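# Observations on the three-dimensional arrangement
So you can see what is in the structure, the chains are spelled out below.
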Amino acid sequence: ERADRDKPIDIDADQVIVDDAKQISTFTGHVILTQGTMVFRGDKIVVVQDKAGFQRGTAYGHTASFRQKREGLDEYVEGFGERIEYDTRADTVDFYIQARVKRAQDEVRGEHVTYNSKTEIFQADSKNAAAGTPGRVHAVLFPKSKEGAEAKPAAERK
Amino acid sequence: MTAVSKYRYWLPLLPLLALLAGVYWLDKQVQQEIAVAAGNQRHDPDGIMDNFHATKMDLQGVPRFLLSATQMRHYPDHDTTELDFPRVTMLSSERPPLYVNGNRGNVSSRGDEVLFHENVVVRRDAGGDQSAMTLKTEYLRVLPNQDWVNTDRPVTMFNLNTTVHAIGLEMDNKARTMKLLSQVRSEHHVK
């Protein structure tokens with residue numbers, strides 16, 4: 001949700017290597033990054049920091065995962081991928097390599113899925129899919145029943 | 001050469017052998033006295049210095065390493081040096097200085113290792129794009145020549161808007177990298 005933006009960022013890990021010259025911190029070993037309701041999990045998270053504050057985070061994992069509560073709804077958006085990139089300035093989360101983003105029952109799969117946590121729109125494409133893979137996007141959308149919340153189209157086909 | 005001349009040929013050697021045996025016996029006697037003399041194993045300083053500042057230069061004569069303490073005691077039996085409230089400063093041209101201080105310290109006999117105990121604080125001023133950094137622990141090992149600092153104890157590190165708790169640290173001041181070894185918990189306050 002939007003309030004996450006100014007919550008403190010907690011990172012738990014087994015080890016961290018802080019490279020002061022390049023201002024890069026590499027957290028390794030069961031890494032959990034939490035900011036408000038947003039949670040990243042991965043085997044390794046690389047955080048590039050500048051004096052102003054937290055800049056870009058990249059999570060690597062067999063499947064690194066992302067989870068965030070939606071604004072004003074008791075629903076969570078979940079995303080998975082071998083590599084997840086998060087940029088505080090642009091508020092976007094990019095999932096790469098077997099990317100999968102789920103919201104309630106709707107799910108979108110592709111080689112690259114971008115989720116904007118401000119507008120809560122996610123976009124899937126297979127531009128940089130590895131050669132040979134079909135490079136298609138696969139979306140599963142559950143129609144909400146009449147009395148349920150109206151179903152917003154979850155993803156645009158790319 | 002008959003048996004007799006052979007015998008006479010070896011005759012001069014005998015006095016030499018006797019002399020050798022005598023010298024060996026004499027040396028044995030002297031050895032024992034010295035051992036007895038150094039028997040008192042009391043751990044007493046043989047040198048005390050108060051409120052001192054030491055500066056070590058590099059080959060170009062530029063100060064690289066400053067050591068000061070309220071008191072230094074040298075102990076001959078282990079050839080170790082103990083310091084009260086030691087303060088070390090590691091200077092370098094490309095990087096901001098690194099300050100280390102603590103309640104107690106000791107210096108190895110070769111002087112290339114300084115151990116800090118109790119309330120150890122490591123501080124580095126802001127420099128370049130890097131914010132100031134402070135680090136607290138209860139024990140720290142400093143190798144000034146290698147610009148290396150490490151500990152296996154719990155460590156707390158603060159910089160501009162991040163606090164990190166961990167156990168174990170390895171800091172290579174030359175490469176400007178710092179490795180926290182286990183149970184890392186970092187909290188970053190977004191401005």
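Here goes a summary of the coordinates provided. (Residues numbered from 1 in each chain as written. Chains lettered and ligands numbered in written order. Predicted model: local features only at pLDDT ≥ 70, side-chain atom pairs only at ≥ 80, totals over all residues. Heavy atoms only, no water.)

### A word on the interface of chain B and chain A
Accessible area lost when the parts come together is the quantity often used to give the size of an interface. The interface of chain B with chain A comprises 25 residues on the first partner and 24 residues on the second. Both sides of the chain B and chain A interface together cover about 2000 Å² of buried area, and 49% of this is carbon and sulfur. Seen at the junction of chain B and chain A, the total is one salt bridge. Among the salt bridges present, the one from Arg 124 of chain B reaches Asp 20 of chain A, with a minimum N-O distance of 2.9 Å. The tally of links from chain B across to chain A stands at nine residue pairs in polar contact (both at pLDDT 80 or more). If one sorts the elements of the side of chain B that touches chain A by residue count, strand S11 (residues 177-188) of chain B sits on top with 12 residues. Of the residues contributing to the side of chain B that touches chain A, the split by class is seven nonpolar, 11 polar and seven charged. Alignment of strand S2 (residues 15-19) of chain A against S11 of chain B, held across four bridges, turns out to be antiparallel. Counterpart to Ile 17 of chain A in the pairing with S11 of chain B is Lys 179 of chain B. (Contact = heavy atoms within 4.5 Å. Buried area = accessible area lost by both parts, 1.4 Å probe. Salt bridge = Lys/Arg side-chain N within 4 Å of Asp/Glu carboxyl O. Polar contact = N/O pair within 3.5 Å; in protein donor to acceptor, adjacent residues only side chain to side chain. Helix = DSSP H or I, 4+ residues; strand = E, 2+ residues; numbered from the N terminus. Nonpolar A, V, L, I, M, F, W, Y, C, P; charged D, E, K, R; others polar. Pairing = 2+ DSSP bridges.)

### Observations concerning the pairing of strand S4 (residues 87-90) of chain B
Residue and element names in this part refer to chain B. Note: strand S2 (residues 63-75) against S4, four bridges, orientation antiparallel. Paired with Leu 66 across the bridge in S4 is Thr 89. Where S4 lies against strand S5 (residues 98-101), four bridges are found, and the strand directions are antiparallel. Looking at S5, one finds that Val 88 is bridged to Val 100.

### Section: unusual backbone geometry
Even without being glycine, Gln 98 of chain A reaches a positive phi, approximately 50 degrees. The topology assignment puts Gln 98 of chain A in strand S7 (residues 92-103). Backbone geometry places Phe 85 of chain B, a non-glycine residue, at a positive phi of 50 degrees. If you trace the backbone, Phe 85 of chain B turns up in the loop between strand S3 (80-84) and S4. Its relative accessible area of 47% is what places Phe 85 of chain B among the partly exposed residues. (Buried < 20%, exposed > 50% of the residue type's maximum accessible area, 1.4 Å probe, protein only.)

This is a description of form; function is not addressed.
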